[in-house]
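If you want the building blocks of each chain, they are given just below.
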Amino acid sequence: MEERFVVNIGRQLGSGGHEIGEKLARRLGIDFYDKELINLASEESGLCREFFEKADEKASRGLGGGLFGIRFPFISESAMVGTNCLSNDSLFKVQSDVIRKLAAEKSCLFVGRCADYILRDHPRCANVFISASHDDRVARLCRLHHISEQAAEEMMVKADKKRSEYYNYYSYKTWGAASTYHLCINSSSLGVERTTDFIESFIRQKLGLGE
C-alpha cells in the first residue's frame, strides 16, 4: 500500500487557498481539513468549540489577557499542559495533537494552523503557500462576503496580521516567505483552476504519486 502523505497549505485571505485546497484534496483522493479541525480539537479535548474559534490562528499573548487569566478548574491537566489556565498555547497543543494524529492515520490536506511546522518531521509532505494580487483578493472577498471594498481591505489587513503573527510565533519561521515552503504561487497569475492544476502536478512529482 502506498505510503501516507500530507499536503499543507498556507494562504493569504482572498487568494482562493481554501477553494484550491478543497479541489486538490478531491483530486488526490485525501481528506481535507480547515475549520473542521476546530470541531475535532473540541471533541478530542472535551473543551467548548468557542475557545478554539476565538483562538483560531492567533498567537499567544501570554496568560494575562483575553481568555487568559480565566481559570477553568474542570479542565484536565493533560488538556491544559500542566496548568488550569486556558491559553492559546494550550489550545495550540491540543490542535497540534489532532493534526499529528490525523496525519499518522491517513493522507490529509491541511489548510493553515501551522500544519507544515507541526508536521515538519513527516517523511512525505508538500508545503505550499498561495498568495494573490491585492485587487483580486479584494474582489474575491467582496463577492464572497457581499461587502464593500473598504470592508474587504480591512478584513485583509486584519487577517494577514493575525495569520503572520500566529505562524511566526509558533513556527519560528516567516509566514509567506519563499524559504519557508516547498512552493509559493500567486493564484492571480493562472486563476484558481489552473493554479490547482499546477500545484497538483507539483505535488504528484514531489511525492512520487501516480496520475
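Bear in mind that the values here come from a model prediction, so they are computed numbers and not experimental data.

A. Main features of the overall build of the chain. In terms of regular secondary structure, the chain is built from eight helices and five strands. Looking at the chain as a whole, 51% of its 211 residues are labelled buried. Partitioning the intrachain contacts of the chain with sequence separation of at least 6 by distance along the chain shows that 67% fall at a separation of at least 24. For the chain, the accessible surface area stands at approximately 10500 Å², while carbon and sulfur atoms represent 50% of it.

B. Local environment of the sheet that holds strand β2 (residues 31–33). Across the sheet, five strands lie side by side as β2-β3-β1-β4-β5; this open sheet has parallel pairing. Two strands lie at the open edges of the sheet, namely β2 and β5 (183–186), each paired on one side alone. The sheet shows a mean angle of 20° between the axes of neighbouring strands, taken without regard to direction.

C. Structural detail: a negative patch on the surface. Judged by side-chain charge, Asp135, Asp136, Glu149, Glu153 and Glu154 come together as a negatively charged surface patch. Mapped by element, the contributors of at least two residues to the negative patch are α6 (134–145) and α7 (149–171).

D. Main features of helix α8 (residues 187–207). An ideal rise of 1.5 Å per residue puts 30 Å on 21 residues; α8 reaches only 22 Å between its terminal C-alpha atoms. Along α8, the residues that are buried comprise Ser187, Val192, Thr195, Thr196, Ile199, Glu200, Ile203, Arg204 and Leu207. Tucked inside the fold, the buried residues of α8 contact β1 (6–11), α1 (17–28), β4 (125–131), α6 and β5. Structurally, the start of α8 carries an N-cap: the backbone nitrogen of serine 188 is 2.8 Å from a side-chain oxygen of asparagine 186.

E. Representation of the nonpolar core. The biggest cluster of nonpolar side chains holds 23 residues, and the ones touching the most others in it are Leu37, Ile99, Leu102, Phe110, Cys114 and Leu119. A total of six residues in this core trace back to one element, the largest contributor, which is helix α4 (residues 88–105). Counting residues in hydrophobic clusters, the runner-up holds 21 residues, among them Ile9, Ala25, Ile30 and Val111.

F. Quick peek at unusual backbone geometry. Located in the positive-phi region is arginine 113, a residue other than glycine, with phi close to 60°. Position of arginine 113 among the secondary structure elements: in the loop between β3 (108–111) and α5 (115–118). Notably, histidine 146 is not glycine yet its phi reads approximately 55°, a positive angle. Position of histidine 146 among the secondary structure elements: in the loop between α6 and α7.

G. Spatial organisation of α4. Taking 1.5 Å of rise per residue, 18 residues should cover 26 Å, and α4 covers 26 Å from first to last C-alpha, within 8% of that figure. Buried within α4 are the following residues: Asn88, Ser90, Leu91, Phe92, Val94, Gln95, Ser96, Val98, Ile99, Leu102 and Ala103.

H. Quick peek at the packing of aromatic side chains. Evaluated as defined, the whole model comprises eight aromatic pairs. Ring centres of phenylalanine 129 and tyrosine 181 lie 5.2 Å apart, and the angle between their planes is 40°; on these two criteria the pair is classed as tilted. With phenylalanine 129 in strand β4 and tyrosine 181 in the loop between α7 and β5, the pair connects residues that are 52 residues apart, well separated along the chain. The two residues phenylalanine 129 and tyrosine 181 agree in class, both being buried. Here a set of aromatic residues connected by ring pairs shows up, and it is made of Phe92, Tyr166, Tyr169 and Tyr170.

I. Local environment of the pairing of β3. Burial along β3 is two-sided: the residues Cys108 and Phe110 and Leu109 and Val111 are all buried. Sheet topology places β1 next to β3; four bridges connect them, and they run parallel. Considered in β3, the bridge of valine 6 is made with cysteine 108. Summarising the sheet, β2 and β3 pair through three bridges and their orientation is parallel. Within β3, the residue paired with phenylalanine 32 across the bridge is leucine 109.

J. Examining the pattern of salt bridges more closely. With the rule as written, the count across this model stands at 13 salt bridges. A salt bridge links lysine 93 to aspartate 97; its shortest N-O distance comes to 3.0 Å. Taken together, the residues span about one helical turn, with lysine 93 and aspartate 97 both in helix α4 at a distance of four residues. Between arginine 100 and aspartate 97 there is a salt bridge, and its shortest N-O distance comes to 3.3 Å.

The rules behind these values
Residues numbered from 1 in each chain as written. Predicted model: local features only at pLDDT ≥ 70, side-chain atom pairs only at ≥ 80, totals over all residues. Heavy atoms only, no water. Helix = DSSP H or I, 4+ residues; strand = E, 2+ residues; numbered from the N terminus. Buried < 20%, exposed > 50% of the residue type's maximum accessible area, 1.4 Å probe, protein only. Contact = heavy atoms within 4.5 Å. Areas by Shrake-Rupley, 256 points an atom, 1.4 Å probe, with all protein chains shown as cover. Pairing = 2+ DSSP bridges. Axes fitted to C-alpha atoms, helices over the stretch in contact; angles between N-to-C directions. Patch = residues over 30% accessible without salt bridge, like charges linked within 9 Å, V, L, I, M, F, W, Y side chains within 5 Å. Salt bridge = Lys/Arg side-chain N within 4 Å of Asp/Glu carboxyl O. Lys, Arg positive; Asp, Glu negative; His and termini not counted. Charge placed at Lys NZ, Arg CZ, Asp CG, Glu CD. Expected span 1.5 Å × (residues − 1). Polar contact = N/O pair within 3.5 Å; in protein donor to acceptor, adjacent residues only side chain to side chain. Core = buried A, V, L, I, M, F, W, Y, C linked by side-chain atoms within 4.5 Å. Phe/Tyr/Trp six-rings, centres within 6.5 Å; stacked < 30°, edge-to-face > 60°.

Any functional reading would require information that these geometric values do not contain.
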